[in-house]
Amino acid sequence: MRLLGLTDWRSGRPVDLVLPQAADSALIDETGAMSAEVDQIDASGLVLAPALVDPHVHLRDPGQTDKEDMVTGTAAAAAGGYGLILLMPNTRPAMDGRARMADGRTVIDYLETYEWDHGLHLPVDYALCVAATQDRAGRQASNPDDWSGHLPGHGWVHPVVAISDDGSAVTDQTLEDVVANAREFDLPILDHCEHHEHGQVNLGAVSRQLGLEGIPASTETAIIHRDIELAERTGTRVHLQHVSTAGGFDAVRRAKARGLSVTCETAPHYLALCDEDLLRSGSMAKMNPPLRSRADQQAALEAVADGTVDMIATDHAPHTAAEKALGLKDAPNGIIGLETAYAVCNQVLVKSGLISHDRLIELMSLAPAELMGMHRLLPENLPSHKANNTDHPRLESDQHSDAGQPPVDLVIMDPEARWKVDPSRFHSKARNTPFAGAELTGRVMATIRDGRLVFSRLPASRVITRERIRAWTD
């Protein structure tokens, strides 16, 4: 299969892409236009880039598959342009390498063999983040004997590449032991940089208007300052998850100026929304950390623009409609984001002029891959361009097998496409998004994993099948 007329994301040059379309490829097609008989696609005017990488995803499998599962979650990721996602450890049981499922397996074992056990080829690759403490309870550090055999280099398809207690900050009582584990096995600590016992929404005028208990910014900044001190004292790689406050961004900015090993992420919703949006979206905009003030939202945008923010993660957190219908006080925290992240970020960051589209790809693809130590998506590892007789470079993705190249994960985007978010059309099981009905600019048109087309919403007018070619030549 050939994709013709693409624009390379960084050089701006036109490229033709030749794909090996294997019979076992799992193609998610929104248009009904694709089949194994596709011969050629007109992709002129679209942008070719490394597939997106998400370092913070909840797929609820195992334990809460009424909300999401591996099949629906990876389909949502493919539809959002992702080639690789990092699965957080708040599964049931927790992904600590020790807790056992009903069948006696650990969650790590379950996820490692998921495709084999179910006879599937999932459209998106994934890596694993092990729990920092046993059962994520914050009382005792997880035992490396339970998970160190699953690190990269041990032959696993879905290795453990980071350590975190996910929605809970690593507790003070376990911090030293968790740091020792991370340093021994050269894993970054991904810390939920926030701790609070009470509250539903950000403390401020909106919380008072809603009559809800507020969560102050200090719940975030206190953990950030603690973790920065940890990085300075021990040299441990600390990555701060979903930073949301002006004070938090300032602290990270100062730490980087001092050369400390600290990185951070924020999420599309902290860039596009503030706590005032709770008045419109209600529990669909309830999350942890909460949406902050408009001033904090502006600080998040500035932190992306000046390079304080290293990457963007969705924190994709599916919930059922019944749970979110409980209202702001009682509904669980979290929103989904895999299928809207690129468009939201393209609109609020690129179309506003804050950053270039190239920089957005770095934030959503290259930097997360670097954090996870999975470099196969970096530009220097892509197959070399070859000139063809149309004077376009030609990128043959099946070359990697013969030339020692790694697998190629790519995304095809239309940064100018305008579309309206309709959650009923999501591939995710969940619908808990504050962006329902939003008009967004920028859309993923196709996703390629290991050189094979796994998702497409390209229109039929751009597709030439072998059947059509035969009809023309008869």
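The structure presented is a predicted model; accordingly, all values stated were derived computationally and were not measured.

With that settled, the discussion passes to helix α10 (residues 294–305). End to end, α10 covers 17 Å across twelve residues, agreeing with the expected 16 Å (1.5 Å per residue, within 8%). Every buried residue of α10 is listed here: Asp296, Gln297, Ala299, Ala300, Leu301, Ala303 and Val304. The inward-facing, buried residues of α10 contact α7 (246–257), β14 (262–266), α8 (268–272), α12 (341–350) and α13 (357–371).

To continue, consider the environment of Leu260. By secondary structure assignment, the location of Leu260 is in the loop between α7 and β14. Leu260 gets classed as buried once you look at its relative accessible area, which sits at 17%. Along the primary structure Leu260 and Ile228 are separated by 32 residues, whereas in three dimensions their C-alpha atoms are 7.8 Å apart. If near-sequence neighbours (up to four positions away) are discounted, Leu260 is found in contact with Ile228, Glu232 and Ala255.

For helix α4 (residues 172–184), built from 13 residues, the straight-helix expectation of 18 Å at 1.5 Å per residue is met to within 8% by its first-to-last C-alpha distance of 19 Å. Within the span of α4, buried status applies to Thr174, Leu175, Val178, Val179, Asn181 and Ala182. If you follow the buried residues of α4, they end up packed against β9 (160–164), β10 (189–192) and α6 (218–234). Note on α4: the residue one or two positions beyond its end, Asp186, has a positive phi of about 55 degrees.

Moving on: the pairing of β14. Taking burial as the measure, the five residues of β14 include four buried ones, the bulk of the element. Sheet topology places strand β13 (residues 238–241) next to β14; three bridges connect them, and they run parallel. Considered in β14, the bridge of Leu240 is made with Cys264. Between the parallel pair β13 and β14, the chain is carried across by α7, and the sense of this crossover is right-handed. Alignment of β14 against strand β15 (residues 311–312), held across two bridges, turns out to be parallel. Each residue of the ladder has a partner; that of Glu265, found in β15, is Met311.

Right, let's talk about unusual backbone geometry for a bit. Here Asp61 and Pro62 are connected by a cis peptide whose omega angle stands at 10 degrees. Among the secondary structure elements, Pro62 is positioned in the loop between β6 (52–57) and α1 (70–79). The linkage connecting Asn288 with the following residue, Pro289, adopts the cis geometry, with an omega of 0 degrees. Position of Pro289 relative to the elements: it lies in the loop between α9 (278–281) and α10. Of note, the phi angle at Arg60 is positive, near 60 degrees, even though the residue is not glycine. For Arg60, the location among the structural elements is in the loop between β6 and α1. Accessibility expressed as a relative area gives 8% for Arg60, which makes it buried. Residue Arg136 is not a glycine yet carries a positive backbone phi of 55 degrees. Inspection of the secondary structure assignment puts Arg136 in the loop between β8 (125–131) and β9.

Tracing the backbone shows Lys324 in helix α11 (residues 321–324). Reaching out from Lys324, the side chain makes a polar contact with the backbone oxygen of Lys286 at a distance of 3.2 Å. Each residue touching Lys324, except ones within four places of it in the same chain, is listed here: Ser283, Met284, Lys286, His319, Ala331, Pro332, Asn333, Gly334 and Asn432.

Now for the pairing of β10. What you see with β10 is no split at all: Ile189 and Asp191 on one side and Leu190 and His192 on the other are buried throughout. Pairing of β10 with β13, which is carried by four bridges, proceeds in the parallel orientation. Residue pairing in the sheet places Asp191 in a bridge with Leu240 of β13.

Let us now look at the state of the cysteines. What the rule picks out here adds up to zero disulfides. Left unpaired, Cys193 is separated from the closest cysteine sulfur, that of Cys264, by 8.0 Å. Residue classification places Cys193 among the buried positions, given a relative accessible area of 0%.

So, on to the packing of α7 against α10. Packing of α7 against α10 leaves a shortest axis separation of 8 Å and a crossing angle of 25 degrees. Judged on the interaxial angle alone, α10 and α7 are roughly parallel. Residue-level contacts link Ala246, Phe249 and Arg253 of α7 to Asp296, Ala299, Ala300, Glu302 and Ala303 of α10.

Reading the values: rules and limits
- Residues numbered from 1 in each chain as written.
- Predicted model: local features only at pLDDT ≥ 70, side-chain atom pairs only at ≥ 80, totals over all residues.
- Heavy atoms only, no water.
- Helix = DSSP H or I, 4+ residues; strand = E, 2+ residues; numbered from the N terminus.
- Expected span 1.5 Å × (residues − 1).
- Buried < 20%, exposed > 50% of the residue type's maximum accessible area, 1.4 Å probe, protein only.
- Contact = heavy atoms within 4.5 Å.
- Pairing = 2+ DSSP bridges.
- Right-handed = clockwise from strand over helix to strand, strands pointing away.
- Polar contact = N/O pair within 3.5 Å; in protein donor to acceptor, adjacent residues only side chain to side chain.
- Disulfide = S-S within 2.5 Å.
- Axes fitted to C-alpha atoms, helices over the stretch in contact; angles between N-to-C directions.
- Parallel < 35°, antiparallel > 145°, perpendicular 65-115°, else oblique.

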